[in-house]
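This is what each chain is made of:
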Amino acid sequence: MKPPIFITGMPRSGTTWLGKIFLSSGEFNEKSEPFNPVVKNWHYKVTGWYDYIENRSASLERALGLRTDLKWFWTEINYNSANGLRYALGNVKLMLFSKRILLKDPIGFFNADFFYRNYEMLPVIIIKHPASIVCSAQRVGWKFRMSHLVENKNLMQGLESLGLDLDRWKTNYQKYDSDVEEICEIWNFFIHVIEKWAEVYKNWGFIKLEDLIMDPINMTENLFLKTGLEFTHRTLAYLNETMNNNVVISENDRRAHIRNRNSKFDINSWKNRLSSSEIDDIRKTTFDFGKNLYPEFYQV
């Protein structure tokens, strides 16, 4: 049986859209954000932002959809008092028809290598321009803090065991002058981890959101080939549906997920929505980690 897929990346980077592209193939049973502490998870107890998983467990495997025992079934039934049985039977049907698991979760990002080593779950990691991340975070009022990472001892120890130098963030995380600088340093942190994984795991999928938007068919075909999927008319239809429109997102629109939009305009909207001083700050703060990913942004 083909391995499960793990769609992840920094929050606001496009994981939801990428997950929907994979789902359009019709081959998956989706598990969406089981590690998000804001979303109630009935199988696995989440203790906070970016839980770092170190051990396999039955509850974890139930949350991932990899264990469907009686306890899983009973929990599914009680998940929704009105539709619980129908929901559980629907999941059983998907399992019986050998649907692959698609885990979509940006909050589970730092567990990508754990899922790969323990469950052969193949990560597909999406990356987004730092200025676009800042712009998106401002639009939806995102207030995630670096302290959620640095003060997570298990996470920091686990990442350092991979040979990552995290002193930059451990030393300065309480000294940021603005929200923009803090978001940029969070972006740097994620890219630092991604660079390490890219060195070690050559078979993982890594893609920039901007490349996916500018050439959605070829980029999706390449990702599908890497993950053992066939690119069919269903995925082509979904890409056409979500890409070919003239909807432009207002800077006052606070919705986190907007299905149909003018994505080619949206990826460059930061040029008009951020001030010149904010753009300069982003360029300065992310230079060390972004210069190879987005060289044109730093050539000023």
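The sections below set out a description of the structure shown in this document. As the structure is a prediction and not an experimental result, all values here were calculated from the model.

## A word on the overall build of the protein chain
Step number 1: Looking only at helices and strands, one finds 17 helices and 5 strands in the protein chain.
Step number 2: The buried share of the protein chain, taken over its 300 residues, is 51%.
Step number 3: The long-range share in the protein chain, meaning contacts at least 24 apart out of those at least 6 apart in sequence, stands at 71%.
Step number 4: In the form shown here, the protein chain has an accessible surface area of approximately 14800 Å², with 49% of it arising from carbon and sulfur atoms.

## Considering the sheet that holds strand β3 (residues 100-104)
Step number 1: Strand order in this open sheet of 5 strands is β2-β3-β1-β4-β5, and the pairing throughout is parallel. Every other strand in the sheet has two partners, leaving β2 (28-32) and β5 (205-208) as the edge strands with one partner each. The sheet shows a mean angle of 20° between the axes of neighbouring strands, direction not considered.
Step number 2: Helix-sheet contacts for helix α1 (residues 15-23) involve β1 (5-9), β2, β3 and β4 (122-127), and the interaxial angle to β1 is about 160°.
Step number 3: The strands touched by helix α5 (residues 112-119) within the sheet are β1, β3 and β4, with β4 carrying the most contacts at an inclination of about 160°.

## Details of α5
Step number 1: Looking at α5, one finds that the buried residues are A112, D113, F114, F115 and Y119.
Step number 2: E120 lies just past α5 and shows a positive phi near 55°.

## Some remarks on the packing of aromatic side chains
Step number 1: Under the counting rule described, the total for this entry stands at 25 aromatic pairs.
Step number 2: Measuring from centroid to centroid gives 5.5 Å for W270 and F297, while their planes differ by 90°, and the two rings are edge-to-face. With W270 in helix α15 (residues 270-273) and F297 in helix α17 (residues 295-298), this residue pair connects regions lying 27 residues apart in the sequence.
Step number 3: Taking the relative accessible area as the measure of exposure, F297 reaches 5% and is therefore buried.
Step number 4: Among the aromatic residues, those joined into a ring-pair cluster are Y50, F109, F110, Y116, W169, F189, F190, W197, Y201, W204, F206 and F289.

## Observations regarding the pairing of β3
Step number 1: Counting buried positions along β3 gives 5 out of 5 residues, so the element sits mostly inside the fold.
Step number 2: Along β3, one buried face is formed by R100, L102 and K104 and the opposite face, lined by I101 and L103, is buried too.
Step number 3: Both β1 and β3 contribute to a ladder of 3 bridges, which runs parallel. Residue I5 lies in a different strand from β3, and its bridge partner there is L102.

## Here's the deal with the environment of S32
Step number 1: Mapped onto the elements of the fold, S32 is located in strand β2.
Step number 2: Residue S32 is classed as partly exposed on the basis of its relative accessible area, which comes to 43%.
Step number 3: Put simply, S32 and T16 are 16 residues apart on the chain and 9.0 Å apart in space, counted from C-alpha to C-alpha.

## Overview of the side chain of E61
Step number 1: Mapped onto the fold, E61 is located in helix α2 (residues 58-63).
Step number 2: For E61, a relative accessible area of 9% translates into the label buried.
Step number 3: A polar contact of 2.9 Å, which involves the side chain of E61, links it to the side chain of Y119.
Step number 4: Setting aside anything within four residues of it in sequence, one finds E61 in contact with R56, L66, R67 and Y119.

## Topic: the pattern of salt bridges
Step number 1: Tallying each qualifying case throughout the model produces 10 salt bridges.
Step number 2: Residue R56 pairs with E61 through a salt bridge whose shortest N-O separation is 3.5 Å.
Step number 3: By sharing partners, the salt bridges in this structure join R56, E61 and R67 into a single network.

## Remarks on the nonpolar core
Step number 1: F22, F110, F115, L149 and F189 are the most contacted members of the largest nonpolar core, which has 83 residues in total.
Step number 2: The residues contacting F110, other than those within four sequence positions of it, are Y50, Y52, L149, L155, L159, F189, F190, V193 and W197.

Cut-off values and rules
Residues numbered from 1 in each chain as written. Predicted model: local features only at pLDDT ≥ 70, side-chain atom pairs only at ≥ 80, totals over all residues. Heavy atoms only, no water. Helix = DSSP H or I, 4+ residues; strand = E, 2+ residues; numbered from the N terminus. Buried < 20%, exposed > 50% of the residue type's maximum accessible area, 1.4 Å probe, protein only. Contact = heavy atoms within 4.5 Å. Areas by Shrake-Rupley, 256 points an atom, 1.4 Å probe, with all protein chains shown as cover. Pairing = 2+ DSSP bridges. Axes fitted to C-alpha atoms, helices over the stretch in contact; angles between N-to-C directions. Phe/Tyr/Trp six-rings, centres within 6.5 Å; stacked < 30°, edge-to-face > 60°. Polar contact = N/O pair within 3.5 Å; in protein donor to acceptor, adjacent residues only side chain to side chain. Salt bridge = Lys/Arg side-chain N within 4 Å of Asp/Glu carboxyl O. Core = buried A, V, L, I, M, F, W, Y, C linked by side-chain atoms within 4.5 Å.

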